[in-house]
Amino acid sequence: MDSKPTKPQEEAVGYMVPWLEKYRPILLKDIVGNQDTVLRLQVIARDGNMPNLILAGLPGIGKTTSVLCLAHELLGSAYKDAVLELNASDERGIDMVRDRIKHFAQKKVTLPQGRHKIIILDEADSMTGGAQQALRRTMEIYSNTTRFVFACNQSNKIIEPIQSRCAILRYNKLTDAEVLSRLQDICKRENVDVTNDGMEALIFTADGDMRQAINNLQSTYYGFKQVNAQNVYKVCDEPHPAVLQRILTSCADGNVKEADRTMHDLYDLGYSSLDIITTLSRVLKNMRTLEEGLRLDLLKEIGLTHMRITDGHQSVLQLSGMIARLCRIAKESSISF
């Protein structure tokens, strides 16, 4: 009969707990970032008067973790029996609403005084319209015993009747300092050999996504045993920002041949046009050595090229054409000054 590995067995067979789960907060006070929103959840946890909720924001910034922490603080030992969590990998059609959600809402559970069962619908914006319409009636019928929490990236994809029955909490992208503090804490606990440029690379590749930052940290550590910039970009399979900064500097200097040659070298390494153009725009935003007006003009051109690439025109010719236009914009800008 199979059993969960013990600690010595874990070391022997290489059993590894994802750091994302290992260091997932249990209490609301331990959540990093979005302090105003978390404060509102702490008030709900203290008073116990929980409304239906919609949590909206980018991926990896703590929406699901927040509601799980809230459920733990509200329900205590009854958490296991009183919480139903469904995510995007589950069936999200009307039958799911009629069967699983309705049966759970009807289930009798012993709860602390004034508390409710909680149904968490992660990635709720992927639910079909029919399922959302059916859910509206279910929310009304079982409002005395059950509360619903919708976690989504775009709240406007939730139908208006459901939005009107919920309090909407918005989550913002995490700052670099917030991501850094959590990564430093994990590195200290796991004795990770990390360099300063490695930490900067983790923050750059994550772009405010705590989930991605922690996953990249663990993948780099277990892959190379040292977290430095070179290893991070290998694991993430992203172009190195230093190379893209060199391309932008060449464009600003009007050196079209050098910029185009470097771009071709990057493309020949196997990076997709979309990876290159996405990282290029992020690098340009942080290039304070360029005058702000020039940066805006260059970003506009990069954005237009990005649009063409997402439409399917992903050849290196698009990138070469963009390089030529960036050089022309830089040259015209220098003449105007």
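Just so we're clear, the structure is a prediction, and the values are computed from it rather than from any experiment.

Q: Any chance you could explain the packing of aromatic side chains here in plain terms?
A: Think of a pair of aromatic rings as described by two things: how far the centres are apart, and how the planes are tilted against each other in angle. Applying the stated rule across the entire model yields four aromatic pairs. Seen from their ring centres, Y221 and Y222 are 5.5 Å apart, and the 75° between their planes marks the pair as edge-to-face. One aromatic cluster is present, built from ring pairs that chain together W19, Y221 and Y222. The cationic tip of K225 hangs over the ring face of Y221; the distance from NZ or CZ to the ring centre is 5.4 Å.

Q: How do you make sense of the domain arrangement of the chain when you look at a structure like this?
A: Interface size is often expressed as the accessible area that is lost when the parts come together. Annotation of the chain at the domain level lists domain 1 (19-170), domain 2 (190-235) and domain 3 (241-335). Just the C-alpha atoms count here: the centres of domain 1 and domain 2 sit 31 Å apart. The interface is formed by eight residues belonging to domain 1 together with 12 residues belonging to domain 2. Here domain 1 meets domain 2 over a buried area of about 910 Å², counting both sides, of which 61% is carbon and sulfur. When the buried area of domain 1 at its contact with domain 2 is split by residue, W19, L20 and G60 rank highest and sum to 75% of it. A salt bridge links E190 to K22; its shortest N-O distance comes to 2.7 Å. Residue composition of the side of domain 1 that touches domain 2, by class: six nonpolar, one polar and one charged.

Definitions and cut-offs
- Residues numbered from 1 in each chain as written.
- Predicted model: local features only at pLDDT ≥ 70, side-chain atom pairs only at ≥ 80, totals over all residues.
- Heavy atoms only, no water.
- Phe/Tyr/Trp six-rings, centres within 6.5 Å; stacked < 30°, edge-to-face > 60°.
- Lys NZ or Arg CZ within 6 Å of the ring centre and 35° of its normal.
- Domains from an automatic or database assignment.
- Contact = heavy atoms within 4.5 Å.
- Buried area = accessible area lost by both parts, 1.4 Å probe.
- Salt bridge = Lys/Arg side-chain N within 4 Å of Asp/Glu carboxyl O.
- Nonpolar A, V, L, I, M, F, W, Y, C, P; charged D, E, K, R; others polar.

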